[in-house]
Amino acid sequence: MMIYKSPYKVNDVEKTFKTLSQVRGVIIFGTGNCGAIVQAALKKAKVNILGLSDNNKHRWGKIIDNDKVLPPKELVSTNNKTPIIIAVDLNFPYIRKQLKDMGLTNVYDSDFVFSKLELDLGACKNVTWSETKLKQKMDLYMYSVLAHKDKDNSLKIDSIDLMLTEKCSLKCKDCSNLMQFYAKPIDEDFDMVISSVDTLMNTVDFVREVRLLGGEPLMYKKVDLVVQHILKYKNFDQLKINTNGTIIPKDEKLKAFQNKKVFFDISNYGKDSRNVDGLVKKLTEFNISHVASRVTEWQDVGKIVKTDRTDSENKEIFGNCCINRGLTLLHGKLYLCPFSANATNLKAIKYAEKEILDLKTKKDILRKQIYDLYFKTDFLEACKSCNGRDHNVPRVEAAVQAKEPLKYQMVE
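A brief report on the enclosed structure follows.

Cut-offs and rules
- Residues numbered from 1 in each chain as written.
- Predicted model: local features only at pLDDT ≥ 70, side-chain atom pairs only at ≥ 80, totals over all residues.
- Heavy atoms only, no water.
- 1 Å grid on protein atoms, 1.4 Å probe; cavity = no way out; pocket = protein on both sides within 12 Å on 5 of 7 lines; lining within 4 Å.
- Points joined across faces, edges and corners; volume = space filled by probe spheres on them.
- Helix = DSSP H or I, 4+ residues; strand = E, 2+ residues; numbered from the N terminus.
- Nonpolar A, V, L, I, M, F, W, Y, C, P; charged D, E, K, R; others polar.
- Contact = heavy atoms within 4.5 Å.
- Polar contact = N/O pair within 3.5 Å; in protein donor to acceptor, adjacent residues only side chain to side chain.
- Pairing = 2+ DSSP bridges.
- Axes fitted to C-alpha atoms, helices over the stretch in contact; angles between N-to-C directions.
- Expected span 1.5 Å × (residues − 1).
- Buried < 20%, exposed > 50% of the residue type's maximum accessible area, 1.4 Å probe, protein only.
- Salt bridge = Lys/Arg side-chain N within 4 Å of Asp/Glu carboxyl O.

**Points about the layout of surface pockets**
So, point 1. A volume near 870 Å³ is recorded for the second largest pocket.
So, point 2. Taken together, 31 residues form the lining of the second largest pocket, with Pro93, Tyr94, Arg96, Lys97 and Gln98 sitting closest to its centre.
So, point 3. For the lining of the second largest pocket, the elements supplying multiple residues, two or more each, are α3 (92–101), α5 (131–149), α10 (311–319) and α12 (363–376).
So, point 4. No other element matches α3, which puts eight residues into the lining of the second largest pocket.
So, point 5. Along the lines of polarity and charge, the residues of the lining of the second largest pocket split into ten nonpolar, eight polar and 13 charged.

**Focus on the environment of arginine 395**
So, point 1. Looking at the secondary structure, you find arginine 395 in strand β18 (residues 395–397).
So, point 2. For the pair arginine 395 and lysine 133, spaced 262 residues apart in sequence, the C-alpha separation works out to 21 Å.
So, point 3. For arginine 395, the contacting residues outside a window of four places in its chain are Glu297, Trp298 and Gln299.
So, point 4. Of note is the side chain of arginine 395, whose polar atom sits 3.3 Å from the side chain of glutamate 297.

**A short note on the sheet that holds strand β11 (residues 236–243)**
Pairing between the strands of a sheet comes from backbone hydrogen bonds, and it takes one of two forms, parallel or antiparallel.
So, point 1. If you trace the eight strands from one edge of the open sheet to the other, you get β13-β12-β11-β10-β9-β15-β16-β17, paired in mixed fashion. The outermost strands of the open sheet, each flanked by one partner alone, are β13 (289–294) and β17 (357–358).
So, point 2. Bridge count between β11 and strand β12 (residues 262–268): five bridges; the pairing is parallel. From the neighbouring strand, threonine 243 faces β12, where its bridge partner is isoleucine 266.
So, point 3. Here helix α7 (residues 223–230) sits on the sheet and contacts β9 (156–163), β10 (206–213), β11 and β12; the angle it forms with β10, its principal contact strand, is near 175°.

**A few points about the sheet that holds strand β6 (residues 84–86)**
So, point 1. Read from one edge of the open sheet, six strands run β4-β5-β3-β2-β6-β7, paired in mixed fashion. The open sheet has two edge strands, β4 (63–64) and β7 (107–108), and neither has a second partner.
So, point 2. α3 contacts β2 (26–29), β6 and β7 of the sheet and is inclined by roughly 155° relative to β6.

**Considering empty space enclosed by the protein**
So, point 1. What the rule picks out here adds up to two cavities of 30 Å³ or more.
So, point 2. Size it by volume and the largest cavity reaches roughly 140 Å³.
So, point 3. Taken together, the residues of the lining of the largest cavity sort by class into eleven nonpolar, three polar and one charged.
So, point 4. Reported here for the second largest cavity is a volume of approximately 40 Å³.

**Some thoughts on unusual backbone geometry**
So, point 1. For the peptide bond that leads from glycine 214 to glycine 215, omega is 15°, which places it in the cis range.
So, point 2. On the secondary structure map, glycine 215 appears in the loop between β10 and α7.
So, point 3. Its identity is not glycine, yet asparagine 66 carries a phi of approximately 75°, on the positive side.
So, point 4. Here the phi dihedral of leucine 178 falls at roughly 65°; this positive angle occurs in a residue that is not glycine.
So, point 5. Here leucine 178 lies in the loop between β9 and α6 (190–201).

**Regarding the pairing of β13**
So, point 1. Here β12 runs beside β13; their pairing, made up of six bridges, is parallel. Bridge assignment links phenylalanine 263 to a residue of β13, and that residue is serine 289.

**Quick notes on helix α2 (residues 33–44)**
So, point 1. With twelve residues, α2 should reach 16 Å at 1.5 Å per residue; the first-to-last C-alpha distance of 17 Å fits that figure.
So, point 2. Of all twelve residues in α2, ten are buried, a share of seventy percent or more.
So, point 3. Looking only at α2, the buried set comprises Asn33, Cys34, Gly35, Ala36, Ile37, Val38, Gln39, Ala40, Ala41 and Leu42.
So, point 4. Phi turns positive one or two residues past the end of α2, at lysine 46, with a value near 65°.

**Some thoughts on the pattern of salt bridges**
So, point 1. If you walk through the whole model with that rule in mind, you get 30 salt bridges.
So, point 2. Here lysine 149 makes a salt bridge to aspartate 111, at a shortest N to O gap of 2.9 Å. Here the residue lysine 149 occupies a position in helix α5, and aspartate 111 occupies one in helix α4 (residues 111–114), the gap between them amounting to 38 residues.
So, point 3. Residue aspartate 111 is classed as buried on the basis of its relative accessible area of 5%.
So, point 4. Several salt bridges converge on common partners, so that one network encompasses Asp161, Glu209, Arg211, Lys240 and Asp265.

If you want it as structure tokens, here you go:
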């Protein structure tokens, strides 16, 4: 039995369950891992489920655990009488707005479900998350929901991606961070890294996750010094190192990661992740938290494309994106997503000045700019050149290696 107890307090949990158990039934919006968990939890709590819904067109009409998946447009026929439970881990702000635009306001987030969850994950055949993954995902979700509810009082951010280097030990042709297009990759200047971290951490109130990325962050020679510097701050929960299992840091560097806030998220690409077993062994030896997940496919998002989408279509692309609030620090600039950061850095798309924040700006002005970028963006200029990053995007084999950097043209 998996028991998840949220570190974040939710009010009126029992009252919400009681209210929902007394209505004719509810509709769950979301059919991924989060949706599957909410579906199982509500059934256990004797809340009747009338159906499911999702923006993933491939799920429409399917039956999942005896519940049919409806296209969102069919929810209008409920006349706002049927409660809709949003069960997605990070896209809930867009879906709430999507439903509101349809005249649907009888809407709940899933925070009441996850405030205390007792569920046999083994019996949930549609849940692919491990217990470790579930706890991380739910902690971030709960934090994010409460941060949005409190956004007018404090500036709390889900995550910050700190790009330490454009260099990578692999050259995956479909890398979502566009590393395959860097012909002459460089490291971030160390002083710039430290300055960027200081400015950001002293401007926002709290960050749930600080994530070290690349490229491959373990190729950055001073990665241990960056970690030590970030750990001086108190206003964040977790420092996550995203790595591909090719590099095992030396023991002296590993000591810098021995902190309860540090977590290694290892993508295991089979034979290409040639040192994954050795890395896991070392992290275990040094008592550093980690998970190594076997990854066999990706969304087909590692492209810079020319589109002629309408503003409405770009809003949909942005709203359904799994990384649409992934603040990214690159070369002293702050972007709202890693695609925007790297496509701009590659000069593959035009420079959208209003969407790129200079960290040298005065603190009060920068704080307002971050708030507007983070909470008020409908879509980015970069969205026009992105293949999309949601469940409607085709899948490709993960980590297929390119022999040399890929060519690209600037999208006008």
